Amino acid sequence: MTRYDTAIIGTGPAGISAAITAKVRNKNLILFGSKDLSTKMQVAHEILNYPGLPAVSGKDMAAAFTRQLEQLGIEITEEKVTAVYSMGDYFTLQKSNGEYVEASTVILASGVVAGKPYPGEEQFLGRGVSYCATCDAPLYKGKTVAVIGGAPAEEAEADYLGEVCEKVYYFPLYKEEPKFRNAIEVVREKPLEILGGMKAETLKTDGGEYEVACVFILREAQFPGQLVPGLATEGPAVKVNMQMETNIPGLFACGDIAGQPYQYIKAAGQGNVAALSAVNYLAALARKNI
Ligand SMILES: Cc1cc2nc3c(=O)[nH]c(=O)nc-3n(C[C@H](O)[C@H](O)[C@H](O)COP(=O)(O)OP(=O)(O)OC[C@H]3O[C@@H](n4cnc5c(N)ncnc54)[C@H](O)[C@@H]3O)c2cc1C
């Protein structure tokens, strides 16, 4: 298996900036995210405080970033990372298609996640709560499951569950009407809590209670502590120092995920620092192995 020098998670300004610097420093990188870059960039109307791009719309900024990635030959891998595991001097990243990649360093640039985990979510994680339909669907073959969908992009994963499970309830957290190939019951109720005993058994909403074998929570981005077991956090933010180092050696965080202020230029600046810190870490790792 290829072991990348660095795996960068997120294609907002923080991840793009980290990728550009890592590439300029000749690192073998993989960049996870979306060809649309970032929802936050797509919706911003007029950005007045980004040097070099005066009064630019978010879409035009994304187009400028995309051109720069293309010029440098940096590709975007359109996969969601569902878990990052520290293996000592390298990392294993699980992708939403159930496959794995390895990297010597990881740069988390996955943005900030609004809200809090549902009560019961952390308690039942791995015991009836899952963040990856493709990975865990076979465990729930022929059973009834619930899916909490954070964005229309998650509908494909729910559709796959529709092929495998006896029944799927889908709770969209957005206004658009979900479209499925399989028979999936869309429920416009607000999920409140996951209840159970040894494992999750019930999803409680503001409209009722649903007996399910698993609740799949498919957010656009995961809470950082859930994405990386053992990662030190403070509220919604990953704890970092000025070098964007986290408490896990070789793992760096930048942009909104590293705390306020939530700004493009701050995200891009931190992405640059995170990439340079990863470069220094890789050099130290290489010296250790001489
Ligand atoms: C409407 C609006 C207007 C704004 N206007 C301004 C402004 O004028 N000036 C300003 O400075 N800031 C502005 N902001 C703030 C700015 O958008 C954010 O600070 C900035 O986008 C943060 O960049 P980021 O790279 O940290 O994260 P994001 O832009 O949130 O990007 C995160 C990326 O990570 C990806 N991702 C998340 N989880 C995973 C995963 N598990 N696997 C793979 N990919 C993943 C997401 O798909 C996304 O591509 C505005 C925000 C909004 C919403």
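In this numbering scheme, every chain counts its residues from 1 along its sequence in written order. At least 70 in pLDDT is required for a residue's local features to be given in this predicted model, at least 80 for side-chain atom pairs to be given and counted, and no such filter applies to totals for whole chains, interfaces and linings, which use all residues.

## Overview of the site of the ligand
Point 1. Near the ligand, the surroundings consist of 32 residues, among which Gly10, Gly12, Ser38, Gly111 and Gly255 are the closest.
Point 2. Numbering of helices and strands starts at the N terminus; helices are DSSP runs of H or I of at least 4 residues and strands are runs of E of at least 2. For the shell around the ligand, the secondary structure elements donating two or more residues are α1 (13-24), α2 (39-43) and α7 (264-288).
Point 3. In this count, Pro and Cys sit with the nonpolar residues alongside Ala, Val, Leu, Ile, Met, Phe, Trp and Tyr, while Asp, Glu, Lys and Arg are called charged and the others, Gly among them, polar. Its residues placed into classes, the shell around the ligand shows 16 nonpolar, 13 polar and three charged. Put plainly, near means the residue's C-beta atom, positioned from the backbone, lies within 6 Å of the molecule or strand in question.

## Considering the domain arrangement of the protein
Point 1. Each assigned domain of the protein is listed here: domain 1 (3-113 + 221-288) and domain 2 (129-218).
Point 2. Between the C-alpha centres of domain 1 and domain 2 the distance comes to 29 Å.
Point 3. Contact residues are listed per partner, giving seven residues for domain 1 and four residues for domain 2.
Point 4. In the side of domain 1 that touches domain 2, the residues fall into no nonpolar, seven polar and no charged. Start and end positions for the domains come from either an automated domain assignment or a database one. With C-beta atoms placed from the backbone, a contact is any residue pair whose C-beta atoms sit within 7 Å.

## Some details on the nonpolar core
Point 1. The biggest cluster of nonpolar side chains holds 49 residues, and the ones touching the most others in it are Ala7, Ile8, Ala18, Ile107, Leu108 and Cys254.
Point 2. Cys254 has contacts with Ala14, Ala18, Ile107, Ala109, Met244, Ala267, Gln270, Gly271, Val273 and Ala274, leaving out every residue within four places of it along the chain.
Point 3. What we call a nonpolar core is a set of buried Ala, Val, Leu, Ile, Met, Phe, Trp, Tyr and Cys residues whose membership is set by joining through C-beta atoms within 7 Å. Burial in this document is a count-based property: other C-beta atoms within 10 Å of a residue's C-beta are tallied, and the residue is buried at 20 or more, exposed at 12 or fewer, or partly exposed in between, with C-beta positions derived from the backbone. By size, the runner-up hydrophobic cluster in this structure holds 29 residues, among which are Tyr131, Cys165, Ile184 and Val212.

## Looking at α7
Point 1. The terminal C-alpha atoms of α7, which comprises 25 residues, lie 36 Å apart, in line with the 36 Å expected from a rise of 1.5 Å per residue.
Point 2. Restricting attention to buried positions, one finds in α7 the residues Tyr264, Ala267, Ala268, Gln270, Gly271, Val273, Ala274, Ala275, Ser277, Ala278 and Tyr281.
Point 3. The secondary structure elements touched by the buried residues of α7 are β1 (3-9), α1, β6 (100-108) and β17 (251-253). One less than the residue count of a helix, multiplied by 1.5 Å, gives the span that helix is expected to have.

## Quick notes on the environment of Ser277
Point 1. Mapped onto the secondary structure, Ser277 falls in helix α7.
Point 2. With sequence-adjacent residues up to four places away left out, Ser277 is seen in contact with Gln243, Met244, Glu245 and Phe252.

## Overview of unusual backbone geometry
Peptide bonds are mostly trans, and most non-glycine residues show a negative phi.
Point 1. Residue Pro261 is bonded to the preceding Gln260 through a cis peptide linkage, with omega at 0 degrees.
Point 2. Within the secondary structure, Pro261 sits in the loop between β17 and α7.
Point 3. The backbone of Asn26 sits at a positive phi, close to 60 degrees, despite the residue not being glycine.
Point 4. Within the secondary structure layout, Asn26 lies in the loop between α1 and β2 (29-32).
Point 5. Backbone geometry places Ala55, a non-glycine residue, at a positive phi of 45 degrees.
Point 6. In this fold, Ala55 is placed in the loop between α2 and α3 (58-72).

## Comments concerning the sheet that holds strand β7 (residues 129-130)
Point 1. An order of β7-β14-β8-β9-β10 is seen for the five strands of this open sheet, with the pairing classed as parallel. Only two strands of the sheet have a single neighbouring strand rather than two, namely β7 and β10 (185-186).
Point 2. Here, a strand pair is defined by DSSP locating no fewer than two bridges between the strands. Of the strand pairs in this sheet, strand β8 (residues 144-149) and strand β14 (residues 214-218) are connected by five bridges, and their pairing is parallel. Bridge pairing links Ala146 to Val215 in β14.
Point 3. Strand contacts of helix α5 (residues 155-164): β8, β9 (167-172) and β14, with the helix running at about 175 degrees to β8, the strand carrying the most contacts. Inter-axis angles, ranging from 0 to 180 degrees, are taken between N-to-C directions of lines fitted to C-alpha atoms, where helices are fitted over the stretch in contact.

## A word on the packing of α1 against α3
Point 1. Between α1 and α3, the shortest axis-to-axis distance is 11 Å and the interhelical angle comes to 20 degrees. Taken as axis vectors, α1 and α3 run roughly parallel relative to one another. When you trace α1 past α3, the crossing you get is left-handed. Touching Ile16, Ala19, Ile20 and Lys23 of α1 are Phe65, Gln68, Leu69 and Leu72, all from α3.
Point 2. Residues belonging to the contact of α1 with α3 are distributed by class as follows: six nonpolar, one polar and one charged. These descriptions rest on fixed angle ranges, namely under 35 degrees for roughly parallel, over 145 for roughly antiparallel, 65 to 115 for roughly perpendicular, and the rest for oblique. A clockwise turn of the near helix away from the far one marks a right-handed crossing, whereas an anticlockwise turn of less than a right angle marks a left-handed crossing.

## So, the sheet that holds strand β11 (residues 191-196)
To summarise the sheet geometry, strands pair through backbone hydrogen bonds and adopt either a parallel or an antiparallel arrangement.
Point 1. If you trace the three strands from one edge of the open sheet to the other, you get β11-β12-β13, paired in antiparallel fashion. With partners counted over all chains shown, the strands left at the sheet margins are β11 and β13 (209-211), one partner each. The average angle at which neighbouring strand axes cross in this sheet is 25 degrees, direction not considered.
Point 2. Inspection of the sheet shows strand β12 (residues 200-205) paired to β13 by three bridges, in the antiparallel sense. Looking at β13, one finds that Thr202 is bridged to Glu211.

## Observations concerning the environment of Val84
Point 1. Topologically, Val84 is positioned in strand β4 (residues 81-86).
Point 2. The exposure class assigned to Val84 is buried, which follows from the 22 C-beta atoms found within 10 Å.
Point 3. Separated by 143 residues in sequence, Val84 and Leu227 have C-alpha atoms that sit 6.1 Å apart.
Point 4. Among residues more than four places away in sequence, those in contact with Val84 are Phe91, Leu93, Val106, Leu227 and Val228.

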